[in-house]
Amino acid sequence: MSYAITPPSIPSLPIQGTEDLFPVRRVYCIGRNYAAHAVEMGHDPDKEPPFFFQKNPDNLDTSGSFPYPPQSEDVHHEVELAVALKSGGKNIPVDEALGHVFGYAVSLDMTRRDLQGEAKKMGRPWEIGKAFEASAPITPIVTAAECGHLSNGEIVLRVNDTVHQQGDLNQMIWKVPEMISYLSNYFELAAGDVILTGTPAGVGPVQRGDTMEAVITDLPALHVKVV
Ligand code: MN
């Protein structure tokens, strides 16, 4: 048997310090996971159950360029810690969750906010606002063996050298082990899954020509030019 068309390549991410690649299976994203960002989006930050949406594996982009997407005039940055899994399963207990983590990266959940806003208003799904081409710029993965498990440390996004987003990983409402456990009650997680863990306050628009710098303590910085 052979494929009727050429099979697409496997989306994959570099791993810092190695020649190996991390093959990506799925990309899950959590919404409103920092209280101050929930407030700025008009929501109560009390610990409601987390909610998730997905991006496509091939939306991850390590090129350093972000092509301004079509059909939007309000594209926002959201700096997020990305968690890459080396294994998975269903109904993972919180206290076993970190054992499934391969490593961490700095990412941006780029969002067509105008289209997302319309989708919210109409009760429609979010893909049109979230899951477009190159919508998830990301750094190489740093293995947990190298950086340890990240639960605190500064998370910052600068646009053209001005700080726009600033927070600390310890401000997450749902911590990394809790979100892995929660997700695994709804989906069967597996090696290759990547989770974007939500963004601190200060989201806002970018324009062509802007330079974004995303920084999380203990990880390489992410530099992305909007083109
Ligand atoms: Mn986000």
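All of the points below concern the structure found in this document.

Further remarks concern unusual backbone geometry. Not every positive phi belongs to a glycine, and A134 is a case in point at roughly 60°. Inspection of the secondary structure assignment puts A134 in the loop between α3 (127-130) and β11 (136-137). The exposure class of A134 is buried, given its relative accessible area of 10%. One non-glycine residue, D218, lies in the positive phi region at around 75°. Following the sequence through the fold, D218 ends up in the loop between β17 (211-216) and β18 (222-226). The class for D218 is exposed, based on a relative accessible area of 54%.

The next subject is the pattern of salt bridges. Within this structure, the stated rule accounts for six salt bridges. Here R25 makes a salt bridge to D193, at a shortest N to O gap of 2.8 Å. Linking R25 in the loop between β2 (21-23) and β3 (27-30) with D193 in the loop between α5 (176-184) and β15 (194-196), this pair joins segments that are 168 residues apart in sequence. We note a salt bridge from E78 to K130, for which the minimum N-O separation is 3.4 Å. Of the two residues, E78 is situated in the loop between β7 (75-77) and β8 (79-85) and K130 in helix α3; the sequence distance between them amounts to 52 residues.

Within α5, eight of the nine residues are buried, which leaves the element mostly enclosed by the surrounding structure. Here α5 has its buried residues at V176, P177, M179, I180, S181, Y182, L183 and S184. Tucked into the core, α5 has its buried residues touching β3, β4 (52-55), β8, β9 (101-108) and β15.

Moving on, we come to the pairing of strand β13 (residues 154-159). In the sheet, β13 pairs with strand β14 (residues 162-168) via six bridges, with the strands oriented antiparallel. Following the sheet pairing, I155 is matched in β14 by G167. Counting the residues that bridge the hairpin from β13 to β14 gives two residues, and of these N160 lies at a positive phi of roughly 50°. Bridging between β13 and β17 involves five bridges; their strand directions are antiparallel. Residue pairing across strands places L157 opposite A214, the latter belonging to β17.

If you walk across this open sheet you meet the three strands as β10-β7-β16, and the pairing is antiparallel. The sheet is open, and its two edges are formed by β10 (111-112) and β16 (204-205), each paired on a single side. Relative to β10, β7 runs antiparallel, the two sharing two bridges. Pairing of V75 across the sheet is with R112, part of β10.

Right, let's get into the packing of aromatic side chains. Centre distance and the angle of the planes are the two values used to describe a pair of aromatic rings. Taken as a whole and judged by the stated rule, the model has eight aromatic pairs. Positioned over the ring face of F132 is K55, at 5.9 Å from the centre of the ring.

This next bit is on the side chain of D193. The exposure class of D193 is buried, given its relative accessible area of 0%. Side-chain polar atoms of D193 contact the side chain of R25, separated by 2.8 Å. The residues contacting D193, other than those within four sequence positions of it, are F22, R25, R26, Y28, V83, A84, L85 and E188.

With that out of the way, let us pick up the environment of S9. Considering the arrangement of structural elements, one finds S9 in the segment before β1 (12-14). S9 sits 49 residues away from D58 along the chain, and the two C-alpha atoms are 9.3 Å apart.

Turning our eyes to something else, we now look at the sheet that holds β14. Taken in spatial order, the five strands line up as β6-β18-β17-β13-β14 in an open sheet, and their pairing is mixed. Of all strands in the sheet, those with a lone pairing partner are β6 (65-66) and β14, marking the two edges. Pairing of β6 with β18 involves two bridges; the strand directions are parallel. By the bridge assignment, S65 is partnered in β18 with K225.

How each quantity is defined
- Residues numbered from 1 in each chain as written.
- Predicted model: local features only at pLDDT ≥ 70, side-chain atom pairs only at ≥ 80, totals over all residues.
- Heavy atoms only, no water.
- Helix = DSSP H or I, 4+ residues; strand = E, 2+ residues; numbered from the N terminus.
- Buried < 20%, exposed > 50% of the residue type's maximum accessible area, 1.4 Å probe, protein only.
- Salt bridge = Lys/Arg side-chain N within 4 Å of Asp/Glu carboxyl O.
- Contact = heavy atoms within 4.5 Å.
- Pairing = 2+ DSSP bridges.
- Phe/Tyr/Trp six-rings, centres within 6.5 Å; stacked < 30°, edge-to-face > 60°.
- Lys NZ or Arg CZ within 6 Å of the ring centre and 35° of its normal.
- Polar contact = N/O pair within 3.5 Å; in protein donor to acceptor, adjacent residues only side chain to side chain.

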